[in-house]
Amino acid sequence: MELRPDEISAIIKHHIKNMDKKISYEEVGTVIFAGDGILRIHGLDNCIVNELLQHENGSYCLALNLENDYVSAVMMGNETDINEGDIIRRTGEIISVPVGEGLLGRVVNPLGKPIDGLGEIKYSKTRPIERIAPGIITRKSVKTPLQTGIKAIDSMIPIGRGQRELIIGDRQTGKTTIAIDTIINQKGKDVICIYVAIGQKNSTVSSIVEQLRQNGAMDYTIVVSASASELSPIQYIAPYSGCAMAEEFMENGKDVLVVYDDLSKHAVAYRAMSLLLKRPPGREAYPGDVFYLHSRLLERAASIAPEYGGGSITALPIIETQEGDVSAYIPTNVISITDGQIFLESELFHAGVRPAVNPGISVSRVGSNAQIKAMKKVAGRLRLDYSQYKEVAAFAQFASDLDKETKQTLDKGERTVEVLKQNRNSPLPVEHQVMIIYAVTNNYLNDIPLERVSDFERDFLSYADEKHPQISANISSTKDFDDETKSLLDNALIEFKKIFS
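Residues numbered from 1 in each chain as written. Predicted model: local features only at pLDDT ≥ 70, side-chain atom pairs only at ≥ 80, totals over all residues. Heavy atoms only, no water.

### Comments concerning the packing of aromatic side chains
Counted under the stated rule, the structure contains 11 aromatic pairs. With a centroid separation of 5.9 Å and an interplanar angle of 55 degrees, the aromatic rings of Y286 and Y329 are classed as tilted. Of this pair, Y286 sits in the loop between α6 (263-276) and α7 (290-298) while Y329 sits in helix α8 (residues 329-337), and the two are 43 residues apart along the sequence. On the accessibility criterion, Y329 (14% relative accessible area) is buried. With a centroid separation of 5.2 Å and an interplanar angle of 50 degrees, the aromatic rings of Y438 and F481 are classed as tilted. In this pair, Y438 is assigned in helix α13 (residues 430-441) and F481 in the loop between α15 (469-478) and α16 (483-500), connecting sequence segments 43 residues apart. By relative accessible area, which is 5% here, Y438 ends up buried. Geometry around F33 places R40 over its ring, the cationic atom sitting 5.0 Å from the centre. Across from the ring centre of Y286, 4.3 Å away, lies the NZ or CZ of R271, which sits over that ring. (Phe/Tyr/Trp six-rings, centres within 6.5 Å; stacked < 30°, edge-to-face > 60°. Helix = DSSP H or I, 4+ residues; strand = E, 2+ residues; numbered from the N terminus. Buried < 20%, exposed > 50% of the residue type's maximum accessible area, 1.4 Å probe, protein only. Lys NZ or Arg CZ within 6 Å of the ring centre and 35° of its normal.)

Shown next as structure tokens:
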């Protein structure tokens, strides 16, 4: 075999010329402490906050504290296989979740993985869970009503699309029921709903999903569940994941309703995580940035101007109080962030007033801007009548002899309370609400026995739909309560009272 130097040199030159000069490298660190779901990692000098880091066994952790000599990260899964000396790699990715219409009707965990046993989710896009809230220029004022279907709320504490309305009260007072009824009432209204369950029992989430399915609401709903058995970091990211999913729809011009159930457990999960990360504790052992924890989440709810997409996110955060104490740390924080609160009272709940809304403490800072004209006209006096009744009733229990005017106030107030009662999972169309609230505020129910008020309401609405469909049609089409509609409703009430009595 003859070796030819010119051929060999030509081959070498060819290889040198076409050699791939790219050098790839990855930044790796070493675990110097592992325990209590926390890792301290040395060597990740360029790591960023909220970056996903990967262990050599494939599991992930989330970088939260960037110290001088090490990075503190929280485990997102099983920690038993991780030991000191193990290698951790940077992924270069901020924690993100899948978004889009493929998630509708599904139950997912905060990482966007399905947990409902219905197979994989098809998606083409992901979004980072954290994002800066829309600015002043991007927003528009809240004017379009978001009907809850609950008479006490739509009449006295109205919610608009793009608003943040807090639902607050002791445990077992019906907070979740209000949120679920609001989701059910969005059927056919082109509103996408996202229910975020934080620290709930799996059985509770399962029963909520079943309620939504039975009422045909799962078709436009996503359920994000971080159950009580999950690690604190998973519960911590849950509301941000739900908000990221909502923002995708909002930027495509859709209206979205997001329920955070509940942010008290979210704050507790963050406190546990922060204490393990050795962040300095403040009031009630919460870290100093616990206000920012919720403000940066709830500020992302907005109504966006048409030139920026034109959608909206309405947030219904839920907070649990202890013994009705709204002046505790987390409740006062969230009250100051939101545009109003619906306060549920355990005394009212146990007295059979459900939903147990206390209109005295409850408020909507958007007010009548978020009501249709018809509701504004008929419900204007409702809150005043209710508060007068409460004041008179407090004194009347000590008085034996009452004058005629006081008796009338009490009779009307009792019937107002009775009308505002409503069964769960039975939201009422706004035109029906307008009709029955008009009846009670204009004294048509004063001579109806108290125990028969609910029968009167049910039968009258059926009668009006059957014999006088023009009333509902007028309110529904014009959103107003003009003289013609008022006259029709007066006649219908007079006619029906003769039949009913």
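The structure having been displayed, the exposition proceeds.
### Re the pattern of salt bridges
A complete count under the given rule lists 25 salt bridges for this structure. The salt bridge involving E248 is made with K125; its shortest N-O contact spans 3.1 Å. Taken together, the residues span a long stretch of sequence, with E248 in helix α5 (residues 232-251) and K125 in strand β9 (residues 125-128) at a distance of 123 residues. For the salt bridge of K497 with D447, the shortest nitrogen-to-oxygen distance reads 2.7 Å. With K497 in helix α16 and D447 in the loop between α13 and α14 (453-467), the pair connects residues that are 50 residues apart, well separated along the chain. (Salt bridge = Lys/Arg side-chain N within 4 Å of Asp/Glu carboxyl O.)

### Quick notes on the sheet that holds strand β16 (residues 363-364)
Read across the sheet, 8 strands follow the order β8-β12-β11-β13-β14-β10-β15-β16 without closing on themselves; strand pairing throughout is mixed. The open sheet has two edge strands with one neighbour each: β8 (107-108) and β16. Pairing of strand β10 (residues 166-169) with strand β14 (residues 312-320) involves 3 bridges; the strand directions are parallel. Note on β14: the bridge partner recorded for I168 is I319. (Pairing = 2+ DSSP bridges.)

### Focus on unusual backbone geometry
The residue after D261, namely D262, is reached through a cis peptide bond having omega -5 degrees. Its location among the elements puts D262 in the loop between β13 (255-261) and α6. Between R354 and the following residue, P355, the backbone shows a cis peptide bond with an omega angle of 5 degrees. Of note, P355 is situated in the loop between α9 (346-350) and β16. Positive phi outside glycine occurs at N50, with the angle close to 70 degrees. With respect to the helices, strands and loops of the structure, N50 is situated in the loop between β2 (38-42) and β3 (51-55). Since its relative accessible area comes to 12%, N50 is described here as buried. Phi is positive for N443, which is not a glycine, with a value near 65 degrees. As for its placement among the helices and strands, N443 is situated in the loop between α13 and α14. Take N443: its relative accessible area is 39%, and that puts it in the partly exposed class.

### Things to note about the sheet that holds strand β5 (residues 71-75)
Spatially, the 6 strands close up into a barrel ordered β1-β2-β5-β4-β3-β6, and their pairing is antiparallel. Each adjacent strand pair in this sheet contributes to an overall mean axis angle of 45 degrees, direction not counted. Strand direction decides the pairing type here: strand β1 (residues 28-35) and strand β6 (residues 87-94), joined by 3 bridges, are antiparallel. By the bridge assignment, V28 is partnered in β6 with R89. (Axes fitted to C-alpha atoms, helices over the stretch in contact; angles between N-to-C directions.)

Scope: geometric values only; no functional claims are made or implied.
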